[in-house]
Amino acid sequence: MDDIKARYLALIAAAADEAAIEEVRIAAMGKQGEVALRMRELGRMSPEERQTAGPALNALKDEITSALAARKAALGDAALEERLRAEWLDVTLPGRPRRQGTIHPISQVTEEVTAIFADMGFRVAEGPQVESDWFNFDALNIPGHHPARAEMDTFYTHRAPGDNRPPHVLRTHTSPVQIRALQAQGAPIRVIAPGRVYRADYDQTHTPMFHQVEGLAIDRDISMANLKWCLEEFVKAYFEVDHVDLRFRASHFPFTEPSAEVDIRCSWEGGTLKVGEGDDWLEVLGSGMVHPKVLQAAGVDPAQWQGFAFGLGIDRIAMLKYGIPDLRAFFDSDLRWLRHYGFASLDVPTLHGGLSR
Ligand code: PHE
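Just so you know, these numbers come straight off a predicted model, no measurement behind them. (Residues numbered from 1 in each chain as written. Predicted model: local features only at pLDDT ≥ 70, side-chain atom pairs only at ≥ 80, totals over all residues. Heavy atoms only, no water.)

A look at helix H4 (residues 47-86)
- Under the 1.5 Å per step criterion, the end-to-end length of H4 is 58 Å for 40 residues, consistent within 8% with the ideal 58 Å.
- The sharpest bend along H4 reaches about 25° and sits at Ala-53, with the proline Pro-55 one to four residues further on.
- Listing the buried residues of H4 in full gives Ala-53, Gly-54, Leu-57, Leu-60, Ile-64, Ala-67, Leu-68 and Leu-75.
- At its buried positions, H4 is contacted by helix H1 (2-14), helix H2 (18-29) and helix H3 (34-42). (Helix = DSSP H or I, 4+ residues; strand = E, 2+ residues; numbered from the N terminus. Expected span 1.5 Å × (residues − 1). Bend = angle between axes of the 7 residues up to and from the residue. Buried < 20%, exposed > 50% of the residue type's maximum accessible area, 1.4 Å probe, protein only. Contact = heavy atoms within 4.5 Å.)

Here it is in structure tokens:
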């Protein structure tokens, strides 16, 4: 038995790959293998002989089995070592800049807007893009029968057949974040909420997904005058001009009272847009004093708190500032367009460092 053991252990040590190991295994442990043959011989032995030969054979079996397993593992380790050596990569080498992508103008403008409002004490709030219809509509004083629901061209999600709960929607505006932020923080509050919004609309000037920034400021004595000042400061900072004229036009939104749409004075002379001069007016946002019912829905007492909200189209103001003529190009992922209109990745907009370039 010592002879068998020595022979197989030598064969196992010499096996150079998995196939060779398998060959040795069959020769030793297979049905017709040497160890199996010896096992069969046990039957012909006297009980005394069997008492010593049996345990010895079992021990031999165990030894060969574990030698096979150990060799197999060692070969696996060696193969891995070899691969690690062959595929070695120096991750400390400097990168090779290919200058393919750029920061998308929407991202850039979102950062710019955030920097400006952060300077006025507004924090960034977020909400889900798939929203319950309570947050998107009801809480904003848009009940089920309200025409605004139909006007918004809402995308609805499906419910399983038999599930009669109202479906979720893709949020049609960032206004539901007003409710979420107020529920989470209460009053006083000053937040902006940039993000994607969705409406089933697709033509020259509409895409089914676009971007808004919501603004919300609630305190004990916030008035329409504060709204006007904030928006003027914002527009001056954003367009990087010293003077702007804003025009507040009476309007209607279910979630603000009074409501105003805001236009900026501009000129299109020579085909290029100039903000702050000329006789044209450009509509850029909707705004107003937050409706008491909205505060109530968010758990804030309208007898103690009041304030303003606004919603601004990011894509719109990006086109205006950077002279981008076609809205749909924003979402084509065309590298040539991105290289032309995009921004360097380390050029993070700040008020002290300059918003753009
Ligand atoms: N949510 C409105 C829209 O999408 C904009 C808005 C926001 C108006 C906040 C008033 C106050 O058109």
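From this point, the narrative continues.
Considering the site of the ligand
- In the vicinity of the ligand, 14 residues are found, and the nearest of them are His-173, Ser-175, Arg-199, Gln-212 and Glu-214.
- Separating a nitrogen atom of the ligand from a side-chain N or O atom of Ser-175 is a distance of 2.9 Å.
- Arg-199 is positioned such that a nitrogen or oxygen atom in its side chain is 3.0 Å from an oxygen atom of the ligand.
- Protein coverage of the free-state accessible area of the ligand, which is 320 Å², stands at 91%.
- The cavity where the ligand resides is the largest pocket.
- When contributions to the shell around the ligand are tallied by element, the ones reaching two or more residues are strand S5 (209-219), strand S9 (280-290) and strand S10 (306-313).
- For the shell around the ligand, the element with the most residues is S10, which contributes three residues.
- Its residues placed into classes, the shell around the ligand shows four nonpolar, eight polar and two charged. (Near = heavy atom within 4 Å. Polar contact = N/O pair within 3.5 Å; in protein donor to acceptor, adjacent residues only side chain to side chain. Areas by Shrake-Rupley, 256 points an atom, 1.4 Å probe, with all protein chains shown as cover. 1 Å grid on protein atoms, 1.4 Å probe; cavity = no way out; pocket = protein on both sides within 12 Å on 5 of 7 lines; lining within 4 Å. Sits in = over half its atoms within 2 Å of the grid points. Nonpolar A, V, L, I, M, F, W, Y, C, P; charged D, E, K, R; others polar.)

Some words on the domain arrangement of the chain
- For the chain, the assigned domains read domain 1 (2-86) and domain 2 (104-344).
- The C-alpha-based centres of domain 1 and domain 2 are spaced at 75 Å. (Domains from an automatic or database assignment.)

Considering the layout of surface pockets
- Of the voids in this model, the largest pocket is the one considered here, and its volume is about 1,400 Å³.
- Along the wall of the largest pocket there are 47 residues; nearest its centre are Arg-199, Phe-210, Gln-212, Glu-283 and Arg-316.
- At the level of secondary structure, the elements contributing two or more residues to the lining of the largest pocket comprise helix H7 (147-151), S5, strand S6 (246-253), strand S7 (256-267), S9, S10 and helix H11 (314-322).
- Together, 22 residues line the second largest pocket, and Ile-106, Thr-110, Gly-195, Arg-196 and His-211 are the ones closest to its centre.
- Listing elements by their share of the lining of the second largest pocket, those giving two or more residues are helix H5 (105-119), strand S4 (189-198) and S5.
- Along the lines of polarity and charge, the residues of the lining of the second largest pocket split into nine nonpolar, nine polar and four charged. (Points joined across faces, edges and corners; volume = space filled by probe spheres on them.)

Re the side chain of Gln-212
- Within the element layout of this structure, Gln-212 appears in strand S5.
- Judged by its relative accessible area of 11%, Gln-212 falls in the buried class.
- In terms of polar contacts, Gln-212 uses its side chain to reach the backbone amide nitrogen of Thr-174, at 2.9 Å.
- Here Gln-212 is in contact with His-173, Thr-174, Ala-193, Pro-194, Gly-195, Val-197, Arg-199, Leu-312 and Ile-314, once residues within four sequence places are set aside.

Some thoughts on the packing of aromatic side chains
- Enumeration according to the criterion identifies twelve aromatic pairs in this entry.
- The interplanar angle of 20° and the centroid separation of 4.9 Å between the aromatic rings of Phe-117 and Phe-234 together place this pair among those described as stacked. Separated by 117 residues along the polypeptide, Phe-117 in helix H5 and Phe-234 in helix H9 (residues 224-239) bring together distant segments of the chain.
- Each ring, one from Phe-234 and one from Tyr-238, has its centre 5.7 Å from the other, and the planes form 15°; the classification is stacked. With a gap of four residues between them, Phe-234 and Tyr-238 both fall in helix H9, about one helical turn apart. Summarising the burial analysis for this pair, Phe-234 and Tyr-238 share the class buried.
- The aromatic ring of Tyr-238 is capped on one face by Lys-321, whose charged end is 4.5 Å from the ring centroid.
- Directly above the ring of Tyr-202 sits Arg-328, whose terminal nitrogen or CZ lies 5.4 Å from the centroid. (Phe/Tyr/Trp six-rings, centres within 6.5 Å; stacked < 30°, edge-to-face > 60°. Lys NZ or Arg CZ within 6 Å of the ring centre and 35° of its normal.)

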